[in-house]
Amino acid sequence: MMPGHANFARNGGGNGGGNSRGGRPGGGGGRGRGTPNRPGGGAGTGVGAPAGGFTGPRGGGRGGRGSTPGAFGRGGGRSQRGRKSKRTKRQEFEQQSAPAIGGVSIPRGNGQEVRIRQGASLADLADKINVNPAALVTVLFHLGEMATATQSLDQDTFEALGAELGYDVKLVSPEDEDRELLESFDIDLDAEEIDDEEHLKPRPPVVTVMGHVDHGKTKLLDAIRHTDVVDTEHGGITQHIGAYQVAVDVEGSTRPITFIDTPGHEAFTAMRARGADVTDIAVLVVAADDGVMPQTVEAINHAQAAGVPIVVAVNKIDKEGANPQKIRSQLTEYNLVAEEFGGDVMFVDVSAKQRIGIKELLEAILLTADAALDLRANPDTAARGVAIEANLDKGRGAVATMLVQRGTLNVGDAIVVGAAHGRVRAMFDDSGEEVAAALPARPVQVIGLTSVPRAGDSFLVATDDRTARQIADKRAAADRQAMLAKRRKRVSLEDFDKVLKEGEVDTLNLIIKGDVSGAVEALEDSLLRIDVGEEVALRIIHRGVGAITQNDVNLATVDNAVIIAFNVRPAERVAEMAENEGVEIKYYNVIYSAIDDVEAAMKGMLKPIYEEVALGSAEVRQVFHSGKFGNIAGSIIRSGTIRRGSKARLVRDGVVVADNLEIQSLRREKDDVTEVREGYECGITLGFRDIAEGDVIETWEMKEKARD
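A quick note: this is a predicted structure, and the numbers were derived from the prediction, not measured. (Residues numbered from 1 in each chain as written. Predicted model: local features only at pLDDT ≥ 70, side-chain atom pairs only at ≥ 80, totals over all residues. Heavy atoms only, no water.)

So, the overall build of the protein
The number of helices and strands found in the protein is 17 helices and 34 strands. Looking at the protein as a whole, 45% of its 708 residues qualify as buried. In the protein, of all internal contacts separated by at least 6 residues, the share reaching a separation of at least 24 is 69%. Carbon and sulfur atoms provide 46% of the accessible area of the protein, an area that totals close to 37800 Å². (Helix = DSSP H or I, 4+ residues; strand = E, 2+ residues; numbered from the N terminus. Buried < 20%, exposed > 50% of the residue type's maximum accessible area, 1.4 Å probe, protein only. Contact = heavy atoms within 4.5 Å. Areas by Shrake-Rupley, 256 points an atom, 1.4 Å probe, with all protein chains shown as cover.)

Next comes the structure, spelled out in structure tokens:
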């Protein structure tokens with residue numbers, strides 16, 4: 001036998017010759033000559049024998065392949081292909097029966113409700129309904145609107161898309177969204193209110209003074225506080241919300257009352273509404289010589305919508321032509337019926353100027369609070385409340401006026417106010433005295449926030465700084481997405497040509513900077529309501545609190561914007577930078593002057609106007625006190641010329657401290673002079689006492705300028 005020709009006979013094989021086949025059941029017989037290296041290979045020439053044969057479950061087959069899996073064949077046993085589950089079959093069926101829109105197949109929702117947050121994107125909706133975001137982009141495109149997967153969309157777009165796909169898309173309200181956010185940090189406000197019921201104690205009433213402009217609201221509050229507030233307001237109009245607390249002696253006991261003064265101009269509608277939301281009692285001030293005016297009706301609507309009782313103060317009864325009974329008759333048309341007419345509203349005749357009827361008004365407030373309200377709060381817990389007003393102080397940072405509604409606010413607490421957070425470094429009351437703790441219904445100024453909150457934002461005390469920062473960051477992100485969705489310009493296929501020709505439409509870009517958050521918000525809302533037709537559009541690209549900075553000028557340069565400065569001035573070297581870049585900065589200290597100018601500019605109907613021209617500026621180096629002349633500002637002229645008799649303003653840290661002043665006297669050493677030029681030192685008297693080192697005195701005059 002030759003090597004390599006093994007005699008491998010099949011088990012039970014026959015007389016196989018060279019070409020004979022062996023038996024199936026056992027051994028390795030095959031066809032032709034075998035090879036010792038291939039199992040089940042040869043056939044041999046002799047009779048089949050057990051020697052040399054392979055035995056196994058199924059040894060060999062045609063071609064000599066055995067049971068080895070892989071390259072030598074598939075292994076034995078059950079097939080690897082299993083049955084489809086019912087869930088897989090159902091999904092495949094839904095995919096087959098889903099409507100195809102633009103070549104994209106998306107399962108229908110069958111009216112299923114989907115809740116998404118404000119300012120969500122198509123990617124957020126796709127995650128909720130478990131589809132590809134690119135598919136939603138295609139569907140929206142075929143619905144006639146273009147958007148990216150990550151772009152913030154408005155409510156109408158989501159509702160139209162949901163109706164097309166069979167989903168009931170609901171946008172979560174800001175309140176519910178914030179509640180869910182707080183619950184993720186184990187803060188349950190509803191549970192806290194239930195816990196408070198066992199620890200409630202009496203608290204002072206919070207009173208909002210409301211009414212028409214120039215009816216004497218601030219003067220009345222001035223009479224109550226024995227201070228002078230209205231003289232510091234530009235144009236005699238309150239443009240900030242102030243919160244004050246006064247003590248009233250009633251029947252031998254002293255009871256505090258918290259007052260909130262709201263602006264009277266129509267631009268501050270949102271601020272007056274906010275004041276009504278946080279108050280317990282509304283004092284409606286109506287001038288006896290003027291009667292019920294539109295903003296009086298607006299204030300009544302705010303108070304009635306908030307469900308707070310109203311006490312009417314009929315002011316200016318000392319003026320000629322005053323008719324308090326006429327006021328009572330007019331207000332009956334608005335469901336304010338006086339007690340002498342059989343109603344339940346207390347009317348008090350007062351004169352803020354002569355301070356008549358002030359005590360009776362305070363007693364009426366307390367009687368209304370005792371009769372109609374159950375004013376109690378839990379002082380022994382973490383503080384909750386609302387920010388009445390906020391501004392940016394260069395020396396102290398963000399300063400917010402807080403009204404505590406529940407709990408006690410202490411120095412050192414970690415707080416979050418809207419999208420701002422921080423730790424309470426110090427607190428001051430309305431008289432400027434530092435306080436260590438603020439009980440419910442106590443208004444305080446808080447220092448220590450990292451940014452300026454918005455007026456009306458609620459605040460709460462967090463467990464630590466990290467939690468406060470995380471809550472504030474999530475709120476800021478949600479606000480940013482909601483703002484992007486609100487300001488998104490919807491582009492449809494039908495008006496795409498108009499968008500391409502948008503350069504033909506004049507757009508007025510504005511940047512608003514102000515001294516307090518509420519005034520900036522009121523100015524923005526008023527400007528956005530201006531409508532002069534389709535030819536002119538208004539766009540506010542930025543708003544902020546504090547002095548005008550280089551970033552504001554850079555942004556205005558890029559977008560060809562005009563900077564509206566409301567009671568603020570540019571920071572150091574910013575005015576020169578704005579002049580070099582050709583950026584116009586408009587300064588205002590009365591809000592409706594800014595509104596009128598912007599509206600007239602948009603209409604293109606401005607008549608020749610007077611333009612403010614800077615004459616010179618001086619830096620105060622030292623302040624001298626004189627009994628005869630008052631405070632004398634020892635100054636050095638930084639630019640231009642300072643002339644005696646010219647108009648002046650006092651600027652401190654970029655914020656106007658006093659406006660409409662006058663250079664009353666100008667002295668060089670011992671000599672009176674009419675003017676002092678740049679680089680020289682002099683003594684200046686302004687007739688204003690609050691002068692500090694480092695202040696800047698700016699002089700200016702008004703020159704007539706013809707507008708093209």
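Points about the confidence of the model for the protein
Looking at the protein as a whole, its pLDDT mean stands at 78, while 77% of the residues score no less than 70. Per-residue pLDDT stays below 50 along residues 1-64; that stretch engages in 85 contacts with residues further than four places along the chain or on separate chains. Across residues 489-494, where pLDDT falls below 50, the model places 17 contacts with residues more than four positions away in sequence or in other chains. (pLDDT = per-residue confidence, 0-100.)

A closer look at the nonpolar core
A general trend in soluble globular proteins is that nonpolar side chains are found buried together. Residues Leu-220, Ile-257, Phe-259, Leu-361 and Ile-365 are the most contacted members of the largest nonpolar core, which totals 29 residues. Only β6 (206-211), α7 (217-225), β7 (242-250), β8 (253-261), β9 (281-287), β10 (310-315) and α11 (358-372) provide two or more residues apiece to this core. It is α11 that contributes the most residues to this core, 7 residues altogether. Beyond its immediate chain neighbours, meaning those up to four positions away, Ile-257 contacts Pro-205, Val-207, Tyr-244, Gln-245, Val-246, Val-248, Leu-362, Ile-365 and Leu-366. (Core = buried A, V, L, I, M, F, W, Y, C linked by side-chain atoms within 4.5 Å.)

Examining the packing of aromatic side chains
Each pair of aromatic rings is reported with the distance of its centres and the angle of its planes. Going through the model one piece at a time under the given rule, you end up with 0 aromatic pairs. Directly above the ring of Tyr-244 sits Arg-225, whose terminal nitrogen or CZ lies 3.7 Å from the centroid. In this structure, Arg-569 packs its charged tip against the face of Tyr-587, placed 3.9 Å from the ring centre. (Phe/Tyr/Trp six-rings, centres within 6.5 Å; stacked < 30°, edge-to-face > 60°. Lys NZ or Arg CZ within 6 Å of the ring centre and 35° of its normal.)

Some points on the side chain of Arg-475
Along the polypeptide, Arg-475 turns up in helix α12 (residues 465-487). Taking the relative accessible area as the measure of exposure, Arg-475 reaches 7% and is therefore buried. Apart from residues no more than four positions distant in its own chain, Arg-475 is found in contact with Asp-178, Leu-181, Leu-182, Val-416, Val-417, Gly-418, Ala-419, Ser-458 and Leu-460.

Some points on unusual backbone geometry
A negative phi angle characterises most non-glycine residues, just as the trans form characterises most peptide bonds. Phi is positive for Asp-186, which is not a glycine, with a value near 60°. For Asp-186, a relative accessible area of 75% gives the class exposed.

Some words on the pattern of salt bridges
Inspection of every chain in the model, using the stated rule, returns 33 salt bridges. When the shortest N-O distance is used, the salt bridge between Asp-280 and Arg-203 registers 2.8 Å. Residue Asp-280 is found in the loop between α8 (269-277) and β9, and its partner Arg-203 is found in the loop between β5 (201-202) and β6; the two are separated by 77 residues along the sequence. In this structure, Asp-280 and Arg-203 share a single accessibility class: buried. Across the salt bridge formed by Arg-543 and Glu-524, the nearest N and O atoms sit 2.5 Å from each other. With Arg-543 in strand β23 (residues 536-545) and Glu-524 in helix α14 (residues 517-528), this residue pair connects regions lying 19 residues apart in the sequence. Shared partners join several salt bridges into a network, and the residues in it are Arg-569, Glu-612, Arg-649, Asp-659 and Glu-698. (Salt bridge = Lys/Arg side-chain N within 4 Å of Asp/Glu carboxyl O.)

Details of a negative patch on the surface
Taken together, the side chains of Glu-183, Asp-188, Asp-190, Glu-193, Asp-195, Glu-197 and Glu-198 make up a negatively charged region of the molecular surface. Here the negative patch gets 3 residues from one element, more than from any other, and that element is helix α6 (residues 189-196). Relative to the helices and strands, Asp-188 is located in the loop between α5 (174-184) and α6. The class of Asp-188 is partly exposed, set by a relative accessible area of 33%. (Patch = residues over 30% accessible without salt bridge, like charges linked within 9 Å, V, L, I, M, F, W, Y side chains within 5 Å. Lys, Arg positive; Asp, Glu negative; His and termini not counted. Charge placed at Lys NZ, Arg CZ, Asp CG, Glu CD.)

What about the environment of Phe-347?
Counting through the fold element by element, Phe-347 comes out in strand β11 (residues 347-349). A sequence separation of 63 residues divides Phe-347 from Leu-284, and the C-alpha atoms of the two residues are 9.5 Å apart. Excluding anything up to four places from it in sequence, Phe-347 contacts Val-312, Val-314, Arg-328, Leu-331, Leu-336, Val-337 and Ala-338.

A word on the side chain of His-421
By secondary structure assignment, the location of His-421 is in strand β17 (residues 420-428). Ignoring sequence-local partners within four residues, the contact set of His-421 consists of Ile-415, Val-416, Gly-448, Leu-449, Thr-450, Ala-468, Arg-469 and Ala-472.

Side note on the packing of α14 against helix α17 (residues 591-603)
Helix-helix packing is characterised by the crossing angle of the two axes and by the distance between the axes. Contact geometry for α14 and α17: axes closest at 10 Å, N-to-C directions at 30°. If you check the angle between α14 and α17, you find them roughly parallel. You can see that α14 and α17 cross each other, and the crossing is right-handed. Within the contact between the two elements, α14 uses Ala-519, Ala-522, Leu-523, Ser-526 and Leu-527 and α17 uses Ile-591, Ala-594, Ile-595 and Val-598. (Axes fitted to C-alpha atoms, helices over the stretch in contact; angles between N-to-C directions. Parallel < 35°, antiparallel > 145°, perpendicular 65-115°, else oblique. Left-handed = near helix turned anticlockwise from the far one by under 90°.)

A short note on the environment of Ala-372
Mapped onto the fold, Ala-372 is located in helix α11. Through-space distance from the C-alpha of Ala-372 to that of Ile-281 is 9.8 Å; in sequence the pair is 91 residues apart.

Re the packing of helix α15 (residues 550-559) against helix α16 (residues 574-581)
The contact between α15 and α16 brings their axes to 9 Å, and the two run at 10°. Compared by their axis directions, α15 and α16 come out roughly parallel. For the pair formed by α15 and α16, the contact residues are Gln-550, Val-553, Asn-554 and Thr-557 on the first element and Val-574, Met-577, Ala-578 and Glu-581 on the second.

Here we look at the environment of Pro-570
Among the secondary structure elements, Pro-570 is positioned in the loop between β24 (561-566) and α16. Overall, the relative accessible area of 14% leaves Pro-570 in the buried class. For the pair Pro-570 and Asp-552, spaced 18 residues apart in sequence, the C-alpha separation works out to 9.7 Å. Every residue in contact with Pro-570, bar those within four places of it in the chain, is listed here: Ile-548, Ala-575, Ile-585, Tyr-587 and Gly-654.

What to know about helix α3 (residues 133-142)
Within α3, the full set of buried residues consists of Ala-135, Leu-136, Val-139 and Leu-140. Here the buried residues of α3 occupy an arc of 135° about the axis, which is enough to place them on one side. (Arc of directions from axis to C-beta.)

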